[in-house]
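A look at the structure
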Amino acid sequence: MNPVPTYALLSASVRLATVALGLVACGVPAGGAYVSAPSGSGAAGGATAEAAGTAGAQSDGPRYPPACRQSWALEDVPAGDARVLVVCGNDIRREPIVVGAMSRAIDPGLESAHERVCTCASRMAAPQFVDLVVTAVPDEGRAGVETSEPEGELDPGVASAFASCVGKIATSFPRFVGGACPDGAKTTFVYSFDIDLVR
């Protein structure tokens, strides 16, 4: 068998290097496919997550932070990581997240918050962390969301401007009985959570 000329080996190496550089330029990660957290299509943030993923793929579109490509739905919160305040008149108790009446009341607020926060983040400088409080009253078919400035924020000016953009959010949904309070009393769910926008 005749040996392969040195110039041929060098030529092949150059072609392989060119292909590799082309893949990097097109955004293909060196370690393989990108892995991201699941995003729901019907739960809180589903539509916005899909839009954010599409927009993020276009270089001339709005830039959404990584958290906007994830679901914020209550059912997607890792087990044991959060609690919800259940308010029954003067009685307040802290309970683990339960998918059912609790998520049905809180998720509409989370969905509206997902859309508002991500829209603001695509238009202006955003802090790394955003604190949100969702208050939902299923018997009245309403949920409200408010922001609070995270403790230890490195740039209070950015956090304050971003909170002003998000503002107070109000959303409605079909009424139903919360069922978490005795004697049929009105149930109020309060869910406080922090969002790491760059995670």
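These figures come from a predicted structure and were not determined experimentally.

This paragraph deals with the overall build of the chain. Scanning the chain for helices and strands turns up four helices and six strands. Seen in sequence order, the chain has helices and strands lined up from the N terminus as α-α-β-β-α-β-β-α-β-β. Sorting the 199 residues of the chain into buried and exposed places 35% on the buried side. Residue pairs at least 24 apart in sequence account for 73% of intrachain contacts in the chain once pairs closer than 6 positions are excluded. As presented, the chain carries roughly 11900 Å² of accessible surface, and 55% of it is formed by carbon and sulfur atoms.

Glancing now at the confidence of the model for the chain. This prediction gives the chain a mean pLDDT of 75; 64% of its residues lie at or above 70. Ignoring residues within four places in sequence, the model shows residues 1–43, a span with pLDDT below 50, making 21 contacts including any to other chains. Throughout residues 47–59 the model reports pLDDT below 50, and contacts reaching past four residues in sequence, or to other chains, amount to 19 contacts.

Here the focus is the environment of Arg123. Along the chain, the position of Arg123 falls in helix H3 (residues 101–123). Remark: the alpha-carbon pair of Arg123 and Arg63, spanning 60 residues in sequence, is separated by 8.1 Å.

Let's shift gears to the packing of aromatic side chains. For the structure shown, the criterion picks out three aromatic pairs. Taken together, a centroid distance of 6.0 Å and an interplanar angle of 45 degrees make the contact between Phe173 and Phe176 tilted. We classify Phe176 as buried; its relative accessible area is 11%. Ring centres of Tyr191 and Phe193 lie 5.0 Å apart, and the angle between their planes is 10 degrees; on these two criteria the pair is classed as stacked. For Tyr191, a relative accessible area of 4% corresponds to the buried category. Residue Phe193 is classed as buried on the basis of its relative accessible area, which comes to 12%. Aromatic rings pair up to connect Trp72, Tyr191 and Phe193 into one cluster. We note Arg104 situated over the ring of Phe176; from NZ or CZ to the ring centre the distance is 3.9 Å.

Evaluation of the coordinates by the stated rule reveals three disulfides. The disulfide partner of Cys120 is Cys165, and the gap between their sulfur atoms is 2.1 Å. On the sign convention where negative is left-handed, the bridge of Cys120 and Cys165, at about -90 degrees about the S-S bond, is left-handed. Placement of the pair is Cys120 in helix H3 and Cys165 in helix H4 (residues 156–166), with a sequence separation of 45 residues. The class of Cys165 is partly exposed, set by a relative accessible area of 30%. Along the chain, the cysteines engaged in disulfide bonds are linked according to the scheme 1-3, 2-6, 4-5 when indexed in sequence order.

Conventions and cut-offs
- Residues numbered from 1 in each chain as written.
- Predicted model: local features only at pLDDT ≥ 70, side-chain atom pairs only at ≥ 80, totals over all residues.
- Heavy atoms only, no water.
- Helix = DSSP H or I, 4+ residues; strand = E, 2+ residues; numbered from the N terminus.
- Buried < 20%, exposed > 50% of the residue type's maximum accessible area, 1.4 Å probe, protein only.
- Contact = heavy atoms within 4.5 Å.
- Areas by Shrake-Rupley, 256 points an atom, 1.4 Å probe, with all protein chains shown as cover.
- pLDDT = per-residue confidence, 0-100.
- Phe/Tyr/Trp six-rings, centres within 6.5 Å; stacked < 30°, edge-to-face > 60°.
- Lys NZ or Arg CZ within 6 Å of the ring centre and 35° of its normal.
- Disulfide = S-S within 2.5 Å.

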